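Structure assessment
Letter by letter, the chains look like this.
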Amino acid sequence: MSVDGGTGARRLKDEADEPGWEVDPDDDWGVAVIATVGRQVKLRREAVGMRAPDFGVAVGYGEDLVYKIEGGKRIPRPEFLDKADEVLGAGGLLSAMKEDVAKVRYPKKVRELAQSEARAAELQLYDPLNIHGLLQTPQYARGLLLMRRPAYSQDEVERMVAGRMARKSVFERDPAPEMGFVLEEWTLRRPLGGRPLLRTQLAHLLEVAEMRNVELQVMPMDREEHAGVDGGIELLKFGDGSAVGRSPVVANGRPVTDGRQLHILELRYGIIRAQALTPRESRALIEQLLGET
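Residues numbered from 1 in each chain as written. Predicted model: local features only at pLDDT ≥ 70, side-chain atom pairs only at ≥ 80, totals over all residues. Heavy atoms only, no water.

Before going further, it helps to spend a moment on the sheet that holds strand β3 (residues 120–127). Within the open sheet, the five strands sit side by side as β5-β4-β3-β6-β7. Their pairing is mixed. The open sheet is flanked by β5 (214–219) and β7 (243–246), the only strands paired with a single partner. Averaged over all neighbouring strand pairs, the angle between strand axes comes to 5 degrees, with direction disregarded. Across six bridges, the pairing between strand β4 (residues 178–184) and β5 is parallel. Each bridged residue has a counterpart across the sheet, and for Met179 the counterpart in β5 is Val214. (Pairing = 2+ DSSP bridges. Helix = DSSP H or I, 4+ residues; strand = E, 2+ residues; numbered from the N terminus. Axes fitted to C-alpha atoms, helices over the stretch in contact; angles between N-to-C directions.)

For the rest of this paragraph, the subject is the pairing of β3. Here β3 lies mainly inside the structure; six of its eight residues are buried. As defined by bridge partners, β3 adjoins strand β6 (residues 233–238) across six bridges and the pair is classed as antiparallel. By the bridge assignment for β6, Ala120 is matched with Phe238. Relative to β4, β3 runs parallel, the two being bridged by six bridges. (Buried < 20%, exposed > 50% of the residue type's maximum accessible area, 1.4 Å probe, protein only.)

This next bit is on the environment of Trp29. Topologically, Trp29 is positioned in helix α1 (residues 28–47). Sequence separation between Trp29 and Val104 is 75 residues, and the spatial gap between their C-alpha atoms is 8.0 Å.

A few words on the packing of aromatic side chains. For the structure on display, the rule yields three aromatic pairs. Measuring from centroid to centroid gives 6.4 Å for Phe171 and Phe181, while their planes differ by 20 degrees, and the two rings are stacked. Separated by ten residues along the polypeptide, Phe171 in the loop between α8 (154–167) and β4 and Phe181 in strand β4 bring together distant segments of the chain. A residue is classified by how much of its surface remains accessible, and Phe171, at 14% relative accessible area, is buried. Taking relative accessible area as the criterion, Phe181 reaches 1% and is therefore assigned buried. (Phe/Tyr/Trp six-rings, centres within 6.5 Å; stacked < 30°, edge-to-face > 60°.)

Purely geometric numbers; function is a separate question.
Set out below in structure tokens:
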């Protein structure tokens, strides 16, 4: 769909332009937020006497997409809300909704995990299968998600990538939490998604490893003993002394807060760290792998 903008044809955004912005029908809070935003946009548009097609032209969106946003069926982009606020003279009301709208785009489980990570004073993380999600670049994360079988839809991939990247705000907190990661060497060697993606990912790991609050360790492939063979570990400790942990072999992977179960996870994680390379040795190995990629 296009319209003559005076200086040439200007293409309006339609369904094909907006992958990853569908509303999750199972996310009650998300559905309510997007319905409220859409209703506000529609009320403001009608208050100024503007038809939906004209409004669409003004904000650069197709008429069908405008109706979907107003009907709470589509998550509006931040730039849409800013432009709509300007066109409709909303005085900042619509722009102010961007923060809640941004959260809706992330899957419900990701939001809950991000909230826990945002409160944690210390994070201890081990993933035996992949480079941990908090360490992934957007391109690497997308490449991994596109490999899943049965395949995710493009909408699901974009939603999960956005959620994974949003969690990385934990690195920007002040005061910063103490963060420890143990990575498997093979995940740093296998060129999933292609060598260019892996090279960018390795360079990113070196940048993260230089952060004062981050300890990054690599479990080498030649270890004859490995306490992590039973699966990954997530341990989040909070400022009030409480903690939450998760591992496939404890409570079937459900989050646990019981002291005895947390002690088991801490013990396993401590042994894994002791068996892995030191942070300095790990950086040296990643630099070597980067040079070979």
